[in-house]
Amino acid sequence: MSALTELLAGGREQRIYSGAAWSVGGPAGPLERGWTGTRSWAGPALDGDDVWDLASVTKPIAGLAVMALVERGALGLDDTVGAYLPDYRGGDKAELTVRQLLTHTSGIPGQVPLYRDHPTRAALLEAVRLLPLTAQPGTRVQYSSQGFIVLGLLAEAAAGEPLDALVERLVCAPLGLRDTVFCPDAHRRARAVATEDCPWRGRPVVGEVHDENAVVLGGVGGHAGLFSTLADMERLGAALAAGGRGLLRPDTFALMTAAHTDDLALRRALAWQGRDPVGSPAGEVFGPDSYGHTGFTGTSLWVDPATRRYAVLLTNRVHPTRTGDGIVALRRAFHDAAAVLPPVAAGGPPRCGMSR
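Every value quoted in this text rests on a predicted model; they were computed, and no experiment measured them.

Analysis parameters
- Residues numbered from 1 in each chain as written.
- Predicted model: local features only at pLDDT ≥ 70, side-chain atom pairs only at ≥ 80, totals over all residues.
- Heavy atoms only, no water.
- Helix = DSSP H or I, 4+ residues; strand = E, 2+ residues; numbered from the N terminus.
- Buried < 20%, exposed > 50% of the residue type's maximum accessible area, 1.4 Å probe, protein only.
- Contact = heavy atoms within 4.5 Å.
- Salt bridge = Lys/Arg side-chain N within 4 Å of Asp/Glu carboxyl O.
- Pairing = 2+ DSSP bridges.

Student: So what exactly am I meant to see when it comes to unusual backbone geometry here?
Tutor: As a rule of thumb, non-glycine residues mostly have phi less than zero, and peptide bonds are mostly trans rather than cis. The omega torsion of the bond from His319 to Pro320 falls at 0°, within 30 degrees of zero and hence cis. Along the chain, Pro320 turns up in the loop between strand S11 (309-315) and helix H12 (326-339). Residues other than glycine seldom take positive phi values, yet Arg15 does so here, at roughly 60°. Secondary-structure assignment places Arg15 in the loop between helix H1 (3-13) and strand S1 (19-26). Phi is positive for Arg308, close to 55°, though the residue is something other than glycine.

Pasting the structure below:
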């Protein structure tokens, strides 16, 4: 049993999640991949073709579509919200920029459960528009799912195309990500890993987005909503480790993944999280220029450009409830182990680890 297999099988034994899948590799593909556990605590064993709720790992994937629009000249990083969204003109968000939304420096508060009082898409979007800013734009990193909801609307207006179609055309299709989708169809839902036994919905959630604000929006948002498989996330990880191969020009990708908030307390790139000096979810071994993102459901994608290595972790740590915090230490340990995983011999197959 490999160190990663043992670590992640241990996470199931500690009841952090019912199942986990992982892959560590580089531009040529995985060095080690595997899965352990079941799709739900009473469900079938994982088979490697399982469909996972990415949660906030949606943000950088949507961000890749935004940067593709920037590269094509359809959008500018210093363009303002009011330039594309007429309803925002004259309000406190009119002069917010694409760059500020991407770096979580817009001042729009995050983690706001708007779904509780705004049960329709129109009502929730109006509530987002009216949220008072809680910081002066550009002065503080303040993680904001609501800011990425606005970013998704802005991208749709700039391209004249729905966000799900933009992500498919600009990110998924170029890389052959066949199972990375918003609103999974019945075939994909049948392979989905369970998330929370949701008090708001009154049932376990399977194949439907976990994030409640995204539910009200119809399952598609710049902040959450994407589902994917291990194989698709490996393809994305390999492309990122190769410097954005197939996605963006090298200069655009370098701009996207560079730290843009070094003068603030937390490191953020454009839609990516940088490695914070203290308490990084990527642990202590990945380099200072590494970047990635985590998701509330227990997912993670991290890349170190210095070593051209990616690490993908997919879990359902909110199943059956969101109360546990064991994923924090486990995810750091996973990234530390992934960073020092030795390469396989040239031409050799990836190491695989599977356990029930």
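Picking up where we left off.
Student: Just to check I follow, could you spell out the environment of Ala269 for this structure?
Tutor: Position of Ala269 relative to the elements: it lies in the loop between helix H11 (250-257) and strand S8 (273-274). Ala269 gets classed as buried once you look at its relative accessible area, which sits at 2%. Each C-alpha atom, one on Ala269 and one on Thr103, is 6.1 Å from the other, the two residues being 166 residues apart in sequence. Leave out the neighbours within four places in its chain, and Ala269 touches Leu102, Thr103, Met256, Thr257, Ala258, His260 and Gly274.

Student: Sorry, what's going on with the pattern of salt bridges here?
Tutor: For side chains of opposite charge, pairing can occur when their charged atoms come near one another. This structure, assessed with the given rule, holds 20 salt bridges. A salt bridge links Arg268 to Asp276; its shortest N-O distance comes to 3.5 Å. Among the residues examined, Asp276 registers a relative accessible area of 7% and is labelled buried. Where Arg275 meets Glu284, a salt bridge forms, and the shortest distance between an N and an O atom there is 3.4 Å. Residues joined by salt bridges that share partners form a network here, namely Asp49, Asp179, Asp185, Arg188 and Arg191.

Student: Would you explain the pairing of strand S10 (residues 299-304) in this entry?
Tutor: For a regular strand, side-chain orientation follows a simple rule: the groups alternate between the two sheet faces. Taken across its six residues, S10 has six buried, putting it largely inside the fold. Taken together, the five bridges between strand S9 (residues 291-295) and S10 define a ladder with antiparallel strand orientation. Its bridge partner being in S10, Thr294 is matched across the sheet by Ser300. Here S9 folds back onto S10, and the loop between the two strands holds three residues, one of which, Gly298, carries a positive phi near 105°. Judged from the five bridges that link them, S10 and S11 form a sheet pairing that is antiparallel. When the sheet's bridge partners are listed, Ser300 is paired in S11 with Leu313. If you look at the hairpin formed by S10 and S11, you'll find four residues sitting between the two strands, and Arg308 has a positive phi there, around 55°.

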